[in-house]
Amino acid sequence: MFDAVELEKLGKPTLTMGHETFEKAAHLHAEALGLPGLQLIFEPPPAGGNVPEEAPLTPDQLEFVLGALTRPGGAGDAAG
Amino acid sequence: MTAALSSPTVEYSDYWDWFELACAEGWTDGLPLAPPTEERVGAIVEHLGRPPDEVVAVVPPKMGLATVEQLAIQCAMAGCLPEHVPIVVAALEAMTEPDFNLQGVQCTTNPCAPLTIVSGPVVERLGFNPAEGCFGGGARANAAVGRGIRLVLWNIGGGVPGQTDMATLGMPGKYAFCVAEHYGSSPWTPIHSDFGLPEDADAVTVFACSSPEPIFVPGAADRILAVLASTLPTTGINMFHAAGQLLVTIGLKPTLELAGAGHTKEDVRRWLFEHARYELGHLRRSGALVETEAHQTYWGYVPEHPDLAGLPDETLLPLVERAEDIHILVAGGESQWWAGLSPGWGNYGGYARSRAVATSGSAG
């Protein structure tokens, strides 16, 4: 979160990924760090021996990722 | 009262009406609070001798500004006497040093909480309890200081369970977590001297850890050391996959036994580092060590961590990187052979830090 905020302040678009269980916490952190509009995406936490290769992004998530990382702005855009 | 306070005030004639307001506003984690009247807050500010609007620390995760006045309010609600508050201030300053990573400590899923250890002549002077029940009740000073720090972390830092504090289990120490070390009756140097402070200093040492897991260590020094060494390497703590630091609290009775046998605190620390070790085969058989899981790799977050592949099962592995990562506290009653293990958070942070306590004016 801290890295993402610093990058956004430099004008670099970011996307921070996390597990769904941390969604509320992530939004509160983004707000506390002054960027409530920080781009965030969440997925279910791994179950048992699940590894990332077994939990691919859905088409909607992939579209969101591409959109977030190709938007022109940095902090100003994310702050909305 | 001469301190110019700026916080808004409300007038209540009934305590429980005010407490309902405190609950509704989220000023408490559920325990009752003492009303922070202007007189009590003003007395604390005056005792500190610092401007009410001076910022002592920025407290994560909410990044709240811990001004002198806000600290005084939290300490008043905790039931602190003015002379308790410099200890809270010193502890907060130590917790907001970068290596402590208070952001992470406040938010981790681990049950650790910031423990404040009070040491030096101040222990007796302010009536802290370093003896029977030292981690529990028994003295206003322990309770008020521990509670004051918690309310700072709650109200100014915003460490609220399920919102930013994601501790899966939490623990009672999240209500108040303050212990005092024996001073004078301990044969060893105080814990703050391990961090370079003068032995006769009034000091706090903060460390993010769990409540002490009791260890019964009966008998002669060799037996005490053997039991400690065999108990510390448990697989359910963060040390096997994240090293970090741990705290060993040794009661006064076993401490006197160890010292009587000629062991200094440094001797014990070094001995525990060299003998309290994981047996690699046990880690493998226990299921704790799964080589393909990056987050469960032995000391996975240490740069160039040891590569265990190919090592035989009988290999002995240290719990922490250095002997100095084992902290030793002398506290507890003299009547029985008890010690305790408080594992830290691993190498994510929460590392022990000491600060001298300023009796008035700016904290040291």
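Refer to the structure above for everything that follows.
Throughout what follows, the structure given in this document is the object of discussion.

Procedures and definitions
Residues numbered from 1 in each chain as written. Chains lettered and ligands numbered in written order. Predicted model: local features only at pLDDT ≥ 70, side-chain atom pairs only at ≥ 80, totals over all residues. Buried ≥ 20, exposed ≤ 12 C-beta atoms within 10 Å, placed from the backbone. Helix = DSSP H or I, 4+ residues; strand = E, 2+ residues; numbered from the N terminus. Pairing = 2+ DSSP bridges. Axes fitted to C-alpha atoms, helices over the stretch in contact; angles between N-to-C directions. Contact = placed C-beta atoms within 7 Å. Nonpolar A, V, L, I, M, F, W, Y, C, P; charged D, E, K, R; others polar.

Residue and element names in this part refer to chain B. With respect to burial, strand β3 (residues 113–119) is a largely interior element, seven of its seven residues being buried. As defined by bridge partners, β3 adjoins strand β5 (residues 203–209) across seven bridges and the pair is classed as antiparallel. Bridge pairing in β5 places Pro114 opposite Ala208. Bridge count between β3 and strand β4 (residues 178–180): three bridges; the pairing is parallel. Within the sheet, the bridge partner assigned to Val118 lies in β4 and is Ala180.

What follows covers the sheet that holds β5(B). All names here are of chain B. Pairing within the open sheet is mixed, and its four strands lie in the order β4-β3-β5-β12. At either end of the open sheet lies a strand with only one pairing partner, and these are β4 and β12 (353–356). Between one strand axis and the next, the sheet turns by 25° as a mean value, whatever way the strands run. Seen against the sheet, helix α4 (residues 85–95) touches β3, β5 and β12 and runs at an angle of roughly 50° to β5.

With that settled, consider α4(B). With ten of its eleven residues buried, α4(B) lies for the most part within the structure. Taken together, the buried positions of α4(B) are Val85(B), Pro86(B), Ile87(B), Val88(B), Val89(B), Ala90(B), Ala91(B), Leu92(B), Ala94(B) and Met95(B).

Glancing now at the interface of chain B and chain A. Counting residues at the interface gives seven residues for chain B and six residues for chain A. Per-class residue counts for the side of chain B that touches chain A are four nonpolar, two polar and one charged.

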